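# Residue-level structure breakdown
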Amino acid sequence: MMKVKVSFDTWLQLLGMLGVLGGLIALVIELNQSQKLARATAYQVRVSEIQEAQRELALSEDLAAILHRFDSEGVDSLTADEKGRVVAWNLAIQWRMQGQFYQYEQGFLEEAAMQRTLDGLANGIYARWEQLGLTDRIHPAAWKNTIIARLNQE
């Protein structure tokens, strides 16, 4: 049996290469997370802009009374202008929830927060969207499927 002597320099070079390899792996993981975060941030900015536009349309001193009448008497109790404001308000809610779902899918929102959102939908928000004809505006399909699955648990 032949013994091979490995010099101290060779061991140092091997350890150095392993260190570089480990650093590259860590860098790839960090870049992947940064890319996901950048996508989620960009998506949230887009949703926030749309939501803010809808919110400006919907907000006024008498909106609370309009929303109360919608909840207690239904959509037929509203004038066309009032219905437009209620629709705008609910679209803003829809966009916010869609943004939360995207963040959840990317791993930036915890399960408990997503469950609270789904609970809100199951406890009346989705029924309001049905009354207003807004359920066809729920996107992406994965988000709509998640909502339907939660509603079917009831």
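### Describing the packing of helix H3 (residues 80-105) against helix H5 (residues 141-152)
- Interaxial distance between H3 and H5 falls to 10 Å at its minimum, and their mutual angle equals 100 degrees. As summarised for this structure, H3 and H5 are arranged roughly perpendicular, according to the angle between their axes. Here H3 contributes Met97, Gln98, Phe101 and Glu105 to the contact with H5, which in turn contributes Ala142, Trp143 and Thr146.
- Grouping the constituent residues of the contact of H3 with H5 by class yields 4 nonpolar, 2 polar and 1 charged.

### Comments concerning the packing of H3 against helix H4 (residues 111-132)
- Running from amino to carboxyl end, H3 crosses H4 at an angle of 150 degrees, the nearest separation of the two axes being 11 Å. Of the possible angle classes, the one that applies to H3 and H4 is roughly antiparallel. Between H3 and H4 lies a crossing whose hand is left-handed. For the pair H3 and H4, contact is made by Lys83, Val86, Val87, Asn90, Ile93, Gln94, Met97, Gln100, Phe101 and Tyr104 and by Glu111, Met114, Thr117, Leu121, Ile125, Arg128, Trp129 and Leu132, respectively.
- When grouped by side-chain class, the residues that make up the contact of H3 with H4 number 11 nonpolar, 4 polar and 3 charged.

### A few points about the pattern of salt bridges
- All told, the structure shown has 4 salt bridges when counted by the stated rule.
- Arg69 serves as the salt-bridge partner of Glu82, at 2.3 Å between the closest nitrogen and oxygen. Within this pair, whereas Glu82 is found in helix H3, its partner Arg69 is found in helix H2 (residues 63-73), the two being separated by 13 residues in sequence.

### Some points on unusual backbone geometry
- The residue after His139, namely Pro140, is reached through a cis peptide bond having omega -5 degrees.
- Structurally, Pro140 can be placed in the loop between H4 and H5.

### Quick word on the side chain of Thr117
- Locating Thr117 in the fold gives a position in helix H4.
- Since its relative accessible area comes to 9%, Thr117 is described here as buried.
- Looking at Thr117, its side chain comes within polar contact range of the side chain of Gln100, at 2.9 Å.
- Leaving out residues up to four positions away in the same chain, Thr117 has contacts with Met97, Gln100 and Trp143.

### With respect to the confidence of the model for the protein
- Of all residues in the protein, 96% have pLDDT values of 70 or greater, and the mean over the chain is 88.
- The lowest-confidence element of the protein is helix H1 (residues 8-58), averaging 83 in pLDDT; the highest-confidence one is H5, averaging 96.

### Thoughts on a nonpolar patch on the surface
- Among the surface-exposed residues, Val4, Val6, Phe8, Trp11, Leu12, Leu14, Leu15, Met17, Leu18, Leu21, Ile25 and Ile29 lie close enough to one another that they form a single nonpolar patch of about 1,300 Å² accessible area.
- Along the chain, Leu18 falls in helix H1.

### So, the nonpolar core
- Counting 27 residues, the largest nonpolar core has Val86, Met97, Leu121, Trp129, Leu132, Trp143 and Ile147 as its most contacted members.
- Those elements that place two or more of their residues in this core are H2, H3, H4 and H5.
- Of all the elements, H4 adds the most residues to this core, at 8 residues.
- Ignoring sequence-local partners within four residues, the contact set of Met97 consists of Thr117, Leu121, Ile125, Trp129 and Trp143.
- Listed in part, the 5 residues of the second largest apolar core include Ala40, Tyr43, Val47 and Trp95.

Here is what the cut-offs are and how they apply
Residues numbered from 1 in each chain as written. Predicted model: local features only at pLDDT ≥ 70, side-chain atom pairs only at ≥ 80, totals over all residues. Heavy atoms only, no water. Axes fitted to C-alpha atoms, helices over the stretch in contact; angles between N-to-C directions. Helix = DSSP H or I, 4+ residues; strand = E, 2+ residues; numbered from the N terminus. Parallel < 35°, antiparallel > 145°, perpendicular 65-115°, else oblique. Contact = heavy atoms within 4.5 Å. Nonpolar A, V, L, I, M, F, W, Y, C, P; charged D, E, K, R; others polar. Left-handed = near helix turned anticlockwise from the far one by under 90°. Salt bridge = Lys/Arg side-chain N within 4 Å of Asp/Glu carboxyl O. Buried < 20%, exposed > 50% of the residue type's maximum accessible area, 1.4 Å probe, protein only. Polar contact = N/O pair within 3.5 Å; in protein donor to acceptor, adjacent residues only side chain to side chain. pLDDT = per-residue confidence, 0-100. Patch = residues over 30% accessible without salt bridge, like charges linked within 9 Å, V, L, I, M, F, W, Y side chains within 5 Å. Areas by Shrake-Rupley, 256 points an atom, 1.4 Å probe, with all protein chains shown as cover. Core = buried A, V, L, I, M, F, W, Y, C linked by side-chain atoms within 4.5 Å.

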